[in-house]
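# Observations on the model geometry
Chain by chain, the residues:
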Amino acid sequence: MTTQDKFDETFLLSGKDLILNKFVKVHHPTVGDIQQLGCGIDCERTYWEYVNCLCCDSYFYMVELYDNGIDYETYTNFDMFVFLWKKAIKEYENNKEKYDKIQYHPLVPILNALQFFIGTNHFVLQYLEETKDYVLLDTNSPPQFYIDRECFNFISDFIIAVNNIEFNEKIHPANKSTKMMLIEDMRDEQKRKQKEKQEPINIIGDIISGVCFGGNGSLSIANCKNIKIYWLFKAMQIINNRDTFNHTLNGVYAGTVDFKTVSKDILNWEK
């Protein structure tokens, strides 16, 4: 089962926020919400930073976890979130004078992500003796409530689903030796990326262009700010599926493609 399969397609298409209980509501953002981040400057990079803060898949931190004696395959999103929270606190404590001088705390991106998706940044990470686990405790809402492991992982799954994120590039090592090879390959890849010039992120911007100028005209640049992010990704997916369907049928009509070899996925282009 993929993350998207955990949520009903009808619900995702409704664009509604995910209400987990009377305290926790997870925002399904619009394009306009994203465009306003960072005062509109580098808004996409800010948005994906927020997404990564709450959907912190341990696979992409395998090198850092390994260097800390942790097997990434044992970590859920919540475990990784706790790890990154503690890392931010430690970074501040080790460089307090520097951060105080610029009036910044490394925890700010995480708190901003919580503000954007959940509506509050008054959380503290607290260990509960009764459950022997960490929770995110809201210190600003009477009565105080907290987000536990199960709730957080569900929040992560929802954010992954509405952003149509797939992890097809993941490699699942068959044994310990291949896992070590994977970790070292990832280490080399990370070093290579650190040397590269940081390019602007235009994933959403490119999809807006494709849907508005390459679609059927139902969406325009003028009205796209009210579009929910899942609608946008879904629209681009269907446009691509439809184009593949049309090209395939053209090949069938031309006799260059055998209809018997065409998969059902291509025929069901609306999915």
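Per-chain numbering applies: the sequence of each chain, read as written, is numbered from 1 onward. In keeping with the model being predicted, local features are shown solely for residues with a pLDDT of at least 70 and side-chain atom pairs are shown and tallied solely at 80 or more, while totals for entire chains, interfaces and linings include all residues. Just so you know, side-chain values use all the structure's heavy atoms and leave hydrogens and water out.

## Description of the side chain of Ser 58
- Secondary structure elements are defined from DSSP: runs of H or I of at least 4 residues count as helices, runs of E of at least 2 residues count as strands, and each element is numbered from the N terminus. Within the secondary structure layout, Ser 58 lies in the loop between α3 (43-54) and α4 (62-67).
- Looking at Ser 58, the relative accessible area reads 5%, which means it is buried.
- Whether two residues touch is decided by their heavy atoms; if any such pair falls within 4.5 Å, the residues are in contact. If we skip the residues at most four places from it in the chain, Ser 58 touches Leu 65, Tyr 72, Tyr 75 and Met 80. Buried, partly exposed and exposed residues are distinguished by accessible area as a fraction of the type maximum, computed with a 1.4 Å probe on protein chains only: under 20%, between the cut-offs, and over 50%, respectively.

## What to know about helix α9 (residues 176-195)
- Over its 20 residues, α9 extends 29 Å from the first C-alpha to the last, a length consistent with the 28 Å expected when each residue adds 1.5 Å.
- Among all positions in α9, only Lys 179, Leu 182, Ile 183, Met 186 and Arg 187 are buried. One side of α9 holds all its buried residues, which, seen down the axis, span an arc of 140 degrees. Exposed residues lying more than 90 degrees from the buried face of α9 are Met 181 and Lys 195. An expected span of 1.5 Å times one less than the residue number is assigned to each helix. Here, the arc refers to the directions that run from the helix axis to the C-beta atoms.

## Digging into the layout of surface pockets
- Of the volumes computed, that of the largest pocket is approximately 1,800 Å³.
- Looking at the largest pocket, it is lined by 41 residues, and the ones nearest its centre are Trp 48, Asn 52, Phe 60, Tyr 61 and Lys 193.
- Secondary-structure elements contributing two or more residues to the lining of the largest pocket are α3, α5 (77-94), α7 (108-118), α9 and α10 (203-214).
- Per element, the largest residue contribution to the lining of the largest pocket is six residues, and it comes from α3.
- Ten residues, namely Ala, Val, Leu, Ile, Met, Phe, Trp, Tyr, Cys and Pro, are considered nonpolar, four, namely Asp, Glu, Lys and Arg, are considered charged, and the remaining ones, Gly among them, are considered polar. Residues of the lining of the largest pocket, tallied by class, amount to 22 nonpolar, six polar and 13 charged. Think of a 1 Å grid over just the protein atoms. A cavity is a set of points where a 1.4 Å probe fits yet cannot get out, a pocket is an open set with protein on both sides within 12 Å along at least five of seven lines, and lining residues have an atom within 4 Å of a point. Grid points are joined across faces, edges and corners, and a volume is the space filled by probe spheres set on the points.

Purely geometric stuff here, so don't read any function into it on its own.
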